[in-house]
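An overview of the molecular structure
If you want the building blocks of each chain, they are given just below.
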Amino acid sequence: MRFQVLGDVTIINDGRPVPLSSRRQEQLLALLVCARGRIVAAETLIDALWGEHLGPRAGKNLQVLVHRLRKTLDAPERIRHDRSGYMLSARPEEVDAWHFADLAERARWTLEQGELEAASLLQREALALWNGRAFSGLDRVAQLAEAAERLEQDRRRVLTERIDTDLALGRHAEVIPELLSMVAEDPLVESTTARLMVAMHRAGLRTEALDAYRRVRIVLAEELGLEPGPQLRSLEQAILRGDTQVGLDPRPEAAPAKNPDSTAPPDPAPFLLPAGVSDLTGRDTELRWLVSVLRDRLATGPVICAVSGMPGVGKSALALQAAHDLRDDFPDGQLYVNLRGAGAEPVEPSHALSRFLRALGTPGTAVPDSLDERAEVFRARLSDRRVLVLLDDAADEAQIEPLIPAGNGCAVVVTSRGALTALPGAQRLALGVLGNAAAVRLLGTITGRVELAADTATAGRLAELCGHLPLALRIAGARLAARPHWSVDRLISRLAAEHDRLDELTHGTLSVRASLALGYSGLGEPGRTLFRRLGLVETPDFAGWVAAALLGADSIEAGTHEAGPYGTGPREAERREAGPLDARSREAEEILEGLMEAQLVEYAGQDGAGEPRYRVHDLVRLHARERGATDDPPCATDAALTRLAGGYLALAEQAHRRQYGGDYTVLHGRGTRWDCGEATSDRLLADPSGWLRGERLGLVAAVEQAARLGLSEMCWDLAMTAITLFEAQGHFDDWRHTSETALAVALRAGDRRGEAAMRYSLGTLALFRQRYTDARPYLEAALPLFEAVGDRHGQALTLRNAALIDRVEGRAETALDSYRRALRMLREVGDRHAEAHVLGSMAQIHIEHDRPYAAAPLLETALAVYRDLGNARGVAQILNRLGLLHLRQNDPARAKDAFGQVLVATRSTGDRIGEAYGLLGMGEAELLAGELDHAANRLDAALLLAEGLGEPFVAARARLACGRLATERGEHELAATMLDRAVREFADIGLPVWHERALEARRALDDMISSPPTPC
């Protein structure tokens, strides 16, 4: 049996390939190969294969995977197990990676003995084992990616040694094609070009050898701004002279002996920093911190400072200024490289090390080939020197770790869009956008315009349109400085149009769009897709589940899974445990977290349930929209928005059910729901009313987006379900806007049920605002529409609300008839919540007409229903009516008990309107009990809260009670003011019964004033 990993992971048994049944089996086998016959701890395998995502099932899943691999191999003894872990049992010649290492070592020993021909044969045999990159397709496992890179470096070393051997054996022409390919792959490695020049020169291709030198000279100048090293230049001169003895020694070099009597020239002190920013503004605190950390901690070891932030926030400017300020602290040099980590092609660490080593005096041809060797030489050169290394725009920790010196006295400043949290021992500074004052100062510094300092409002508006982003502010300032005839208002007007803003934020080589596009180009495809679709989000912040809705299953699978129903991948076992929907949401959030690490998305805190919230900077959002318009077909955008609206609908529907105990008092359409998964929903909706409050803007935006897509049923369903929130929290403007938006869509679509539902909704809103005259036309239009489509539930709810109008307008018996009709229908459709509400409303009529014997049983039944449903808000409403019943029965003690329970219930659920009713009822009960001071405090609080919520009925009732209280105290002027206003407000609302009660109280006050009591 043979195990091949130098290319695709393959098993050969009796000359035939043995197919592995899953990618996970390939990963496990590859990890065991990496250990080369050593035991690999089970914990190590679990961490490599699944990370931290399996929990207590991890050990069991590993056992299952090992069992399946053994079964595939049909040789259980090949995977050995002891208490600590597993190992692959094989001979070195059975595993190509092990055999390669042995052959390479034998070739090197043979070469040291001077046996060139034998060494060449061993080198060729070793290289023939390769069929592609090691562990091909398994790069998602970090340990395998690292092992593959190490093996690749070993392959290149052996290849280089074989070429050197062939050159020594006179096979000059044979190696030229290989060397040409190697130079094309990595033109900055001077040693490869040197070998090519030697081979060409010895093969009689003198002109071609000199052309190779000129090409590498051009590349070095363009890429690194450097000339070729002295040995490469010497080789050119030798070829020009026609020296036929130029060559390279194929044998490994021994370290040159040191002559203690010789004095070597000192290494150069390179200063590679670009020019600093002369007008760095608003970063004084950060600059002081950075300089002090780099200066004060050198004695304890190499100091590492990582500066992170979004594109254009000024990371490089801050780091450069700090480095320039510290030049005297690092007399042995300051190294700089732009690692281009935000783009699609970051600089290889080996290239950066090659540049650093040459700058430190290492000849180009003496720069080692492998990354590890270059890093070793680099650390050795800086071991006793004081050098500052500035690594600008790093991609990740792996890119910069080889570039970090090891000795005391050196310091490293890294800038990156990511936070580099895995960089050991680093001091971190997260850079945000500028505050408004600093942004205005920066604009003034760049433009030199005094009017910006004088007119802070205008300057602030310009800074706001630039998102307080330093790059955008610099561009805006530069444009104004270049156009002195432009007013600030003119630039503001040009920036105000969102679709033109990124065009306007371009000046010369500076461009916000280009900075953002660089980060976009460095993303993987799932990240790019999500980034584009986040431009569709119209709320200030959003929850993690939004990412899954925007991506959809296909986009997630394409980037993070392998084959399977949702892709078997790195979380296969977790998906089985949590369910595919929850796994999908979790993986989408990981893609979202990747965007956050790239500083294209920001963390916005947590919601009430402890779930993270995210936001996108305004300028980033505009770029995302541009990319979406360019890269996404309209059908994909519409599908993403449909899923997003469907997600809000599904969650709002569940929130309503959890709050009301079912689909009560709400009508639903057939709009497509998008399910984020049971576990995700449970976390989000642990506090359903809290979720509704936190997602108010998202729900409104979802209604608007569904409307733009013409999704009538989803649009009105969302608007109807959101009433749960709007009613409890008094968001009447949102209620009206969403219902009117959905009504317009329903009318365009000819959706009669949707039209009926939204007319019912608008009528209900008018009732809540105590605008009964406005409510009647909506309800009168809704009822026949519901009847026409045969919607009994809609009819019942409409009749219930129409009965309320009859009740408050004094038509008690008509109202009772409508309530009875509605009650029959509600019991027919099973809406117990609305049934209890109707019972409470019927009881209210009996209370108002002094029929406590009729009201009490209705309230008891309604209270039992609400308690059975677990509806705390409904319980509070019935308790409020029980309190009113006790007031009518002149029983203040029982009334206070009922209203006290109302206050506890409404405050626990955040029902502010219910709290206003509870305060009002408690004040009226205390007034009845003669507790005037307590009553005054309660009534004042009720009045203040009602006015804040826009509740005219509660406010008018509170003024009526305050007027009676003032009458009791003999405060006739205050009483008259309160009662007169109550009279007007009840008349405006259209409540004749209450209007008459207020008039009666006013007449009683007049009688008291005209006939004061006779003193005893």
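1. Some points on the overall build of the protein
Secondary structure summary: the protein contains 47 helices and 16 strands in total. Here the protein has a C-alpha radius of gyration of 39 Å; the compact-globule value for 1016 residues is 31 Å, and the former is much larger. Counting only C-alpha atoms and orienting by the principal axes, one finds that the protein spans roughly 135 × 80 × 55 Å. Pairs at least 24 residues apart make up 67% of the contacts formed inside the protein by residues separated by at least 6 positions.

2. Quick notes on the environment of Glu178
Within the secondary structure, Glu178 is located in helix H7 (residues 172–185). Residue classification places Glu178 among the partly exposed residues on the basis of a relative accessible area of 28%. Separated by 110 residues in the primary sequence, Glu178 and Arg288 have C-alpha atoms spaced 53 Å apart. Once residues lying within four places of it in the same chain are set aside, the contact partners of Glu178 are Leu159, Arg162 and Ile163.

3. Regarding the pattern of salt bridges
Under the counting rule described, the total for this entry stands at 74 salt bridges. The residue Asp166 makes a salt bridge to Arg124 at a minimum N-O spacing of 2.6 Å. Within this pair, whereas Asp166 is found in helix H6 (residues 142–168), its partner Arg124 is found in helix H5 (residues 116–127), the two being separated by 42 residues in sequence. We note a salt bridge from Glu498 to Arg621, for which the minimum N-O separation is 3.5 Å. With Glu498 in helix H21 (residues 498–504) and Arg621 in helix H27 (residues 618–631), this pair connects stretches of sequence that are 123 residues apart. Overall, Glu498 belongs to the partly exposed group, its relative accessible area being 33%. Note on Arg621: relative accessible area 14%, which makes it buried. One salt-bridge network, in which partners are shared between bridges, spans Glu117, Arg124, Arg162, Asp166, Arg171 and Glu178.

4. Observations regarding helix H16 (residues 436–447)
The terminal C-alpha atoms of H16, which comprises twelve residues, lie 17 Å apart, in line with the 16 Å expected from a rise of 1.5 Å per residue. Among the residues making up H16, those that are buried are Ala438, Ala439, Val440, Leu442, Leu443, Ile446 and Thr447. Close packing links the buried residues of H16 with helix H17 (450–454), helix H18 (456–465) and helix H19 (470–482). Gly448 sits one or two residues past H16 and shows a positive phi near 70°.

5. Comments concerning the sheet that holds strand E4 (residues 40–41)
Strand order in the open sheet made by the three strands is E4-E6-E5, with antiparallel pairing throughout. Looking along the sheet, the strands with just one partner apiece sit at the ends: E4 and strand E5 (79–81). Bridge count between E4 and strand E6 (residues 85–88): two bridges; the pairing is antiparallel. Across the sheet, residue Val40 finds its bridge partner in E6, namely Tyr86.

6. Comments concerning helix H4 (residues 96–112)
Compared with the 24 Å implied by 1.5 Å per residue over 17 residues, the 24 Å span of H4 between its first and last C-alpha is a close match. Regarding H4, the residues found buried are Asp96, Ala97, Trp98, His99, Phe100, Leu103, Ala104, Ala107, Thr110 and Leu111. For H4, the elements touching its buried residues are strand E1 (2–4), helix H1 (23–34), E6, H5 and H6. Positioned one or two residues after H4, Gly114 has a phi angle of 85°, which is positive.

7. Focus: a negative patch on the surface
A contiguous patch of negative charge, built from Asp154, Asp369, Asp372, Glu373 and Glu376, is present on the exposed surface. Residue position: Asp154 is located in helix H6.

8. Digging into the confidence of the model for the protein
Averaged over every residue, the pLDDT of the protein is 84; residues scoring 70 or more account for 92%. A low-confidence stretch, residues 249–265 stays under pLDDT 50, and its non-local contacts, those more than four residues away or across chains, total nine contacts. Within the model, pLDDT remains below 50 along residues 554–579, and this stretch shows 59 contacts once partners closer than five positions in the same chain are excluded.

9. As for the nonpolar core
What tends to happen in soluble globular proteins is that the nonpolar side chains get buried as a cluster. Counting 216 residues, the largest nonpolar core has Leu462, Leu534, Trp545 and Trp691 as its most contacted members. The dominant element in this core, judged by the number of residues it contributes, is helix H45 (residues 952–969), at ten residues. With residues up to four places along the chain from it excluded, the contact list for Leu462 reads Leu443, Ala476, Leu480, Val488, Leu491, Ile492 and Leu495. Ranked by size, the runner-up nonpolar core spans 73 residues in total, among them Val9, Tyr86, Ala97 and Leu196.

10. Some remarks on unusual backbone geometry
Of note, Asp74 is a non-glycine position whose phi angle comes to about 55°, a positive value. Positionally, Asp74 belongs in the loop between helix H3 (58–73) and E5. Looking at Asp74, the relative accessible area reads 68%, which means it is exposed. Positive phi, normally seen in glycine, also occurs at Gln599, with a value near 65°. By secondary structure assignment, the location of Gln599 is in the loop between helix H26 (580–597) and strand E15 (602–606).

11. Examining the packing of aromatic side chains
All chains considered together, the criterion is met by eleven aromatic pairs. Centre to centre, the rings of Phe356 and Phe378 are 5.6 Å apart; their planes meet at 25°, and the pair counts as stacked. Highlighted residues: Phe356 in helix H13 (residues 349–359) and Phe378 in helix H14 (residues 371–381), separated in sequence by 22 residues. Phe378 carries the same exposure label as Phe356, and that label is buried. Note on Phe986 and Trp994: the rings are 5.8 Å apart at their centroids and 25° apart in plane angle, and the pair reads as stacked. You can call Trp994 buried: its relative accessible area is 13%. Looking at Arg155, its charged tip hangs above the ring of Trp130, at a distance of 5.9 Å from the centre. Its end group placed over the ring of Tyr520, Arg528 keeps NZ or CZ at 5.4 Å from the ring centre.

12. Overview of the packing of helix H11 (residues 284–296) against helix H12 (residues 315–325)
Contact geometry for H11 and H12: axes closest at 10 Å, N-to-C directions at 50°. When the axis of H11 is compared with that of H12, the two are oblique. H11 and H12 meet at a crossing whose hand is right-handed. Between H11 and H12, the contacting residues are Glu286, Leu287, Leu290, Val291 and Arg295 on the first element and Leu318, Ala319, Gln321, Ala322 and Asp325 on the second. A per-class count over the contact of H11 with H12 returns six nonpolar, one polar and three charged.

Criteria and cut-off values
Residues numbered from 1 in each chain as written. Predicted model: local features only at pLDDT ≥ 70, side-chain atom pairs only at ≥ 80, totals over all residues. Heavy atoms only, no water. Helix = DSSP H or I, 4+ residues; strand = E, 2+ residues; numbered from the N terminus. Rg over C-alpha atoms; globule rule 2.2 N^0.38 Å. Contact = heavy atoms within 4.5 Å. Buried < 20%, exposed > 50% of the residue type's maximum accessible area, 1.4 Å probe, protein only. Salt bridge = Lys/Arg side-chain N within 4 Å of Asp/Glu carboxyl O. Expected span 1.5 Å × (residues − 1). Pairing = 2+ DSSP bridges. Patch = residues over 30% accessible without salt bridge, like charges linked within 9 Å, V, L, I, M, F, W, Y side chains within 5 Å. Areas by Shrake-Rupley, 256 points an atom, 1.4 Å probe, with all protein chains shown as cover. Lys, Arg positive; Asp, Glu negative; His and termini not counted. Charge placed at Lys NZ, Arg CZ, Asp CG, Glu CD. pLDDT = per-residue confidence, 0-100. Core = buried A, V, L, I, M, F, W, Y, C linked by side-chain atoms within 4.5 Å. Phe/Tyr/Trp six-rings, centres within 6.5 Å; stacked < 30°, edge-to-face > 60°. Lys NZ or Arg CZ within 6 Å of the ring centre and 35° of its normal. Axes fitted to C-alpha atoms, helices over the stretch in contact; angles between N-to-C directions. Parallel < 35°, antiparallel > 145°, perpendicular 65-115°, else oblique. Left-handed = near helix turned anticlockwise from the far one by under 90°. Nonpolar A, V, L, I, M, F, W, Y, C, P; charged D, E, K, R; others polar.

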